[in-house]
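# Per-entry structural report
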Amino acid sequence: MKPFTIHSGIVAPMDRANVDTDMIIPKQFLKSIKRSGFGPNLFDELRYLDEGQPDADNSGRPLNPEFVLNQARYQGASVLLARENFGCGSSREHAPWALEDFGFRAIIAPSYADIFFNNSFKNGLLPIVLDEKTVDTLFKEVESQEGYSLSIDLENQVINTPSGQSIAFEVDAFRKHCLLNGLDDIGLTLQDAEAIRQYEGQRRQSSPWLFDQVK
Amino acid sequence: MGKTLYDKLWDQHVVKERDDGTALIYIDRQLLHEVTSPQAFEGLRIAGRKPWRLDANLATPDHNVPTTSVERESGIEGIQDPVSKIQVKTLDENCDEFGIVEFKMKDKRQGIVHVVGPEQGATLPGMTVVCGDSHTATHGAFAALAHGIGTSEVEHVLATQCLIQRKMKNLLINVEGTLGAGITGKDVVLHVIGIIGTAGGNGCAMEFGGSAIRSMSMEGRMTMCNMAIEAGARVGMVGFDQITADYVKGRAYAPKGEHWELALAAWEDLKSDADAVFDKVVEIKAEAIKPQVTWGTSPEMVTTIDGFVPKVEDAKDDVEKSAIKRAHEYMGLEGGQAITDIQLDRVFIGSCTNSRIEDLRAAAAVAKGNKVASSLKQALVVPGSGLVKEQAESEGLDKIFVEAGFEWREPGCSMCLAMNADKLGNGEHCASTSNRNFEGRQGYGGRTHLVSPAMAAAAAIAGHFVDVRDFQLAD
C-alpha cells in the first residue's frame, strides 16, 4: 500500500448525496480477478454516454460533457469532495480500487457508508469526515475558483485551503498509523498469533460444536 | 446493566482489545464467492501465506452463474461470457489449491451464498459470520454477528481468522403488534428504511425485536436482516428463540447429538436482556404497515401500494430536492403519479433477499390459476439454491409458475445485480424482490421497483402494481 503523508491536489466536486458503489464502479467490471485497472471505468454510467464493457477500449467512447470529471477544470483531480453517505450499498472493494486507480488519494464528505469507509483505508485512500457546513463552504469555494487545490497533512490531521485557512479533521489512530507507513495490517495481526491460538483453544473447549468436521 | 445481543456476541469474540479502542475479533465462519475472493487468494499467494483455519470457510459461485438449464448442464463451460467464466473458474481453482470446501456449479447444494449458509446449518447462532458481500447481514437472523467485508478483509480473515473492528452502536427496531394478511418481512424492512433512511443505521448494529418479529418465520427474519445494510447498518440481527432452533436442527453442518444439546443450552442466552440499553430505539406499529413499493433510485425512496410518487416540492431541503428530481428523470416518472399506474416490463422473483422456499410459496399462491400479463416481456423466478429448487419442485411450485407464464430458472444471484445474462433493458421497469434499486443495478438504464414476492407475482399478472391484499387467491 502506498503511504499517505502530505497530499496536495485539485479538488473535484461530486454534488450528490448517497453515491452508491454501483455508481462508483458498475457490476460488469467486478468480473476482473485483478486489483488494478478499474480507473477508466470509475463512475462509468455517469462519465460516458454509452454502456461500458469489461476489457474494452474506453478511449473512443462518447463522454458525458456534463459530468464533473469530464470538465477541463477538474482534469488531474486527486481529492474528491462529496455529500453525505458516500459509498453506500455493496461491499465491493472495487470502489476504492477504482477511485485510487483513477488518481484520487482523498475524499472529503460529511459521512460515509461503513464498509466503504473501511475499505478505503486498506487502499491508501483517505476518507475525511467534515461537518456538513464546512463541506458546503468547500463546495462553494471549489465551484467559484478554477484550479482549486487542497493540501492534506495526515500527520497533523489538517487540511490547508488556498486562502490560508486550516481545517482540522479526526482520524482513527490505528488507521492513521497504517496509512502513514503504508502498512499491511495482516502482518500486524499475525504479531498476535499466540493470542489468536489461545482464544481458539478456549473456544474449542467452551463451544466444541463450532469445530465439528462435516463429513 | 443488561447487555444487548450485539454486546454479548461482541464480548464472546474479542481475542484482544487494543489501546486505540479497536479489538481483534475472532471469525467463526467465512463464506466465499467468486466476485470478491480472487484478489484475496492472490494476496495470500504473493505473501506466501496459508489459510489459518480451512474448515471455517465455505465457498460457492453465485453472482456470475447463468440460470438457464441449457447453459447449466455443461457447468463452467456453459458460461457464455468469457470474463464471467474466468472468475468462476478462478474460484474453483483457488478452493482446490487451498483445500476449501466449495459447492461447485453442478453441485445441487450450490446457490446464493446467503441462502446456502443457513440452509446447510453452516450459519449457526452465536457465530461471527463474514463474507465479501454486504448482504451478509442476512445471517444475523440466527442471533449471529454477521456483516459484509471488503476483499482486503477477506484476505485478512483467511490469513488470521480475525478482523480488526471497532464496536458499533446498538440500534433497536421494535416492531410491536400483528402484521396484516399479505404483509411480509420485506414490507416491514422497506417501511423501516423509509422511516430511518438509507444512512439511518450507519455505525450501528441493528436488532429487530418486538412481537411481530417473534412470530415471524426464519425466512422473514432473514429478509429483514438482509436489508439492514440498505438502512446503512452493516449488521442486522434477531434474538434466538424456538423458531431459530427448529430451523437449524438437523441441517448438514448443524451440531448433532451431545453437541446439539450443549449448543442449545448456550444459545438460550443469545437475546438482549430485558434491561439492556440501546443507543437508539425506533418503535414501529405492525398494524400500520401496508405493502411497500419503491419508486426511486434508493431503497429509502419507498411508499405504499396506495401511495404516489412524491413531488419535488415535497422535499425537505435542496439536497433531497435534487435527489427527487434526478430520480424522476432516471425512473421516467412524474411527481403525483399513482404507484398502481406504473406499467411494468419485467418481473424478477429471486435474490438473497427473497428466493427461499417461503418466498416461492407466497408468489406461487398468487400465480396459481392466473396468467402473466401479455404486456410483460419476461417474468423470472430464480430459486436461491439447488435445494430450494428441488423442494419447490417437489411441491409442484415450478408447474404453477410455468403454467402462469413465468420462467423457472436455475439458482444464482441473477437479475438482482445483472452480472450474468439476466438483465433489464434500457428504460425498462421491473417489479423485483431484490434489495437495491440503484441506477443501473439490474441493467444499464434499468428501472427497479422493490417489492415482496407476493406483490411481484401480483404485479406480473396485472402488468402493473396492484394491492396483493385485494388479490383473489385460487385456494
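Residues numbered from 1 in each chain as written. Chains lettered and ligands numbered in written order. Predicted model: local features only at pLDDT ≥ 70, side-chain atom pairs only at ≥ 80, totals over all residues. Heavy atoms only, no water.

## A look at the nonpolar core
Of all hydrophobic cores here, the largest spans 109 residues; its most connected members are Phe43, Phe86, Leu99 and Leu126 of chain A together with Phe406 of chain B. Beyond its immediate stretch of four places on either side in the chain, Phe86 of chain A contacts Val19, Ile24, Phe43, Leu80, Leu99, Ile107, Ala109, Ser111, Tyr112, Ala113 and Phe116 of chain A. Counting 99 residues, the second-largest nonpolar core is a separate cluster that includes Phe174 of chain A together with Leu171, Met224 and Phe240 of chain B. (Core = buried A, V, L, I, M, F, W, Y, C linked by side-chain atoms within 4.5 Å. Buried < 20%, exposed > 50% of the residue type's maximum accessible area, 1.4 Å probe, protein only. Contact = heavy atoms within 4.5 Å.)

## Here's the deal with helix α1 (residues 5–13) of chain B
Among the nine residues of α1 of chain B, seven are classified as buried, and the element is accordingly described as predominantly covered. Buried within α1 of chain B are the following residues: Leu5, Tyr6, Asp7, Lys8, Leu9, Trp10 and His13 of chain B. (Helix = DSSP H or I, 4+ residues; strand = E, 2+ residues; numbered from the N terminus.)

## Observations concerning the environment of Gly60 of chain A
All names here are of chain A. Tracing the sequence through the fold places Gly60 in the loop between α2 (44–47) and β2 (79–82). Owing to a relative accessible area of 69%, Gly60 belongs among the exposed residues under this scheme. For the pair Gly60 and Pro110, spaced 50 residues apart in sequence, the C-alpha to C-alpha distance is 36 Å.

## A few points about helix α4 (residues 82–98) of chain B
Residue and element names in this part refer to chain B. Here α4 contains 17 residues, and its C-alpha end-to-end distance of 24 Å stays within 8% of the 24 Å for a straight helix at 1.5 Å per residue. Among the residues making up α4, those that are buried are Val83, Ser84, Gln87, Val88, Thr90, Leu91, Asp92, Asn94, Cys95 and Phe98. Looking at the packing, one finds that the buried side of α4 touches α2 (38–47), β4 (57–59) and β5 (101–102). Where α4 starts, the residue carrying a side-chain oxygen 2.9 Å from the main-chain nitrogen of Val83 turns out to be Asp81. One or two residues past the end of α4 sits Gly99, with phi positive at roughly 85°. (Expected span 1.5 Å × (residues − 1). Polar contact = N/O pair within 3.5 Å; in protein donor to acceptor, adjacent residues only side chain to side chain.)

## Let's talk about the pairing of strand β15 (residues 346–349) of chain B
All names here are of chain B. Neither face of β15 is left uncovered, since the one carrying Arg346 and Phe348 and the one carrying Val347 and Ile349 both have all their residues buried. Where β15 lies against strand β16 (residues 378–381), four bridges are found, and the strand directions are parallel. Counterpart to Ile349 in the pairing with β16 is Val381. Viewed along the sheet, the connection from β15 through helix α13 (residues 357–367) into β16 turns out right-handed. (Pairing = 2+ DSSP bridges. Right-handed = clockwise from strand over helix to strand, strands pointing away.)

## Quick notes on the confidence of the model for chain B
Per-residue pLDDT for chain B has a mean of 97; in total, 100% of the residues score no lower than 70. Under the prediction, the complex receives an ipTM of 0.94, its pTM being 0.96. (pLDDT = per-residue confidence, 0-100.)

## Let's talk about the layout of surface pockets
The computed volume of the largest pocket comes to approximately 1300 Å³. Lining the largest pocket we find 50 residues, and of these Phe117, Asn118, Phe121, Lys122 and Arg175 of chain A sit closest to its centre. Among the elements of the structure, α3 (94–102), α4 (114–121), β4 (126–129), α6 (173–181) and α7 (185–190) of chain A together with α2, α6 (151–160) and β8 (162–166) of chain B are those that each provide at least two residues to the lining of the largest pocket. Taken together, the residues of the lining of the largest pocket sort by class into 22 nonpolar, 11 polar and 17 charged. Around the second largest pocket, the lining is made up of 36 residues, and of these Asn18 and Glu84 of chain A together with Glu300, Glu320 and Ala323 of chain B lie nearest the centre. Those elements that place two or more of their residues in the lining of the second largest pocket are α5 (132–144) of chain A together with α7 (185–196) and α12 (318–331) of chain B. Of all the elements, α12 of chain B adds the most residues to the lining of the second largest pocket, at seven residues. Within the lining of the second largest pocket, the residues separate by chemical class into 16 nonpolar, eight polar and 12 charged. (1 Å grid on protein atoms, 1.4 Å probe; cavity = no way out; pocket = protein on both sides within 12 Å on 5 of 7 lines; lining within 4 Å. Points joined across faces, edges and corners; volume = space filled by probe spheres on them. Nonpolar A, V, L, I, M, F, W, Y, C, P; charged D, E, K, R; others polar.)

## A few points about the sheet that holds strand β17 (residues 407–408) of chain B
Residues and elements named next belong to chain B. Read across the sheet, five strands follow the order β17-β16-β15-β18-β19 without closing on themselves; strand pairing throughout is parallel. In this open sheet, the two strands that pair with only one neighbour each are β17 and β19 (447–450). Direction of pairing for β16 relative to β17: parallel, over a ladder of two bridges. The residue of β17 that forms the bridge with Val381 is Trp408. Of the strands in this sheet, β18 (429–432) and β19 touch α12, which is tilted by about 110° from β19. (Axes fitted to C-alpha atoms, helices over the stretch in contact; angles between N-to-C directions.)

## Quick word on the interface of chain B and chain A
Each partner contributes residues to the interface: chain B has 76 residues there, and chain A has 62 residues. Interface area for chain B against chain A, summed over the two sides, is near 5800 Å², with a carbon-plus-sulfur share of 56%. Looking only at chain B, the three residues that lose the most surface to chain A are Gln39, Trp52 and Tyr444 of chain B, adding up to 13% of its buried area. Of the charged contacts, one joins Asp184 of chain A and Arg49 of chain B as a salt bridge, the two residues approaching to 3.4 Å between their closest N and O atoms. Our count for the contact surface shared by chain B and chain A stands at 37 residue pairs in polar contact (both at pLDDT 80 or more). Grouping the constituent residues of the side of chain B that touches chain A by class yields 31 nonpolar, 27 polar and 18 charged. (Buried area = accessible area lost by both parts, 1.4 Å probe. Salt bridge = Lys/Arg side-chain N within 4 Å of Asp/Glu carboxyl O.)

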